[in-house]
Amino acid sequence: MRKKLEGNGLWESSRMMLPEHKVAINEQEKTLRLRERVELDEQEWEHVARSVTESLQHRQPITLRLFHPQEELTVSGIVDRVDQLKGRFMVDGEWFSIYDIEGAAAWE
């Protein structure tokens, strides 16, 4: 009795995957899930700057949406300091980059 090979022959029934292939597939899936950086226009930057300034001067809580390649990141609190020279701001003792801001909203 002779077995007839169809399709791509011997590889048709093979379900083996090399570890290198699995790593490559996982890396490709990670890159496909990466977020794109949002570019703010001039009006949105003015809104962000005004919100950050009000939080700093009047001690008002603020929520900022920040860029992160793998997830949506939000920072909530009161802006403690702004370092324009280094392009960063501090909320609750932690520094964040000004250039990562994607949006701002004051707490109601």
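Residues numbered from 1 in each chain as written. Predicted model: local features only at pLDDT ≥ 70, side-chain atom pairs only at ≥ 80, totals over all residues. Heavy atoms only, no water.

Asks: I'd like a rundown of the environment of W107, residues and numbers included.
Replies: By the element assignment, W107 lies in the segment after β6 (101-106). The exposure class assigned to W107 is partly exposed, which follows from its relative accessible area of 48%. Along the backbone, W107 and P61 are 46 residues apart, and their C-alpha atoms lie at a distance of 5.8 Å. (Helix = DSSP H or I, 4+ residues; strand = E, 2+ residues; numbered from the N terminus. Buried < 20%, exposed > 50% of the residue type's maximum accessible area, 1.4 Å probe, protein only.)

Asks: I'd like to hear about the nonpolar core, residue by residue, with values.
Replies: Core analysis: the biggest nonpolar cluster contains 14 residues, and L64, L66 and F89 have the highest contact counts within it. Elements with a minimum of two residues in this core: α2 (42-58), β1 (62-66), β4 (88-91) and β6. Counting residues per element, this core draws most heavily on β1, at 3 residues. (Core = buried A, V, L, I, M, F, W, Y, C linked by side-chain atoms within 4.5 Å.)

Asks: Quick one: what's the story with the sheet that holds β1, residue by residue and with numbers?
Replies: Pairing is antiparallel in the open sheet, where 3 strands are placed in the order β2-β1-β6. Looking along the sheet, the strands with just one partner apiece sit at the ends: β2 (73-77) and β6. Ignoring strand direction, the axes of neighbouring strands in this sheet form an average angle of 20°. Across 5 bridges, the pairing between β1 and β2 is antiparallel. Residue pairing in the sheet places R65 in a bridge with T74 of β2. Running over the sheet, α2 touches β1, β2 and β6 and is turned about 50° from β6. (Pairing = 2+ DSSP bridges. Axes fitted to C-alpha atoms, helices over the stretch in contact; angles between N-to-C directions. Contact = heavy atoms within 4.5 Å.)

Asks: Describe in detail the sheet that holds strand β5 (residues 94-97), supporting the description with residues and values.
Replies: If you walk across this open sheet you meet the 3 strands as β3-β4-β5, and the pairing is antiparallel. Two strands lie at the open edges of the sheet, namely β3 (79-83) and β5, each paired on one side alone. Within the sheet, the average angular offset between the axes of one strand and its neighbour, ignoring direction, is 25°. As defined by bridge partners, β3 adjoins β4 across 4 bridges and the pair is classed as antiparallel. Following the sheet pairing, R81 is matched in β4 by M90.

Asks: Can you tell me about the side chain of S51, naming the residues and giving the values?
Replies: By the element assignment, S51 lies in helix α2. In this view, S51 contacts I62 and A104; residues no more than four positions away in its chain are not counted.

Asks: Requested: an account of unusual backbone geometry, with residues and values cited.
Replies: Backbone geometry places R59, a non-glycine residue, at a positive phi of 55°. Take R59: it is sitting in the loop between α2 and β1. According to the relative accessible area criterion, R59 is partly exposed, its value standing at 45%. Non-glycine residue D92 carries a positive phi angle of around 50°.

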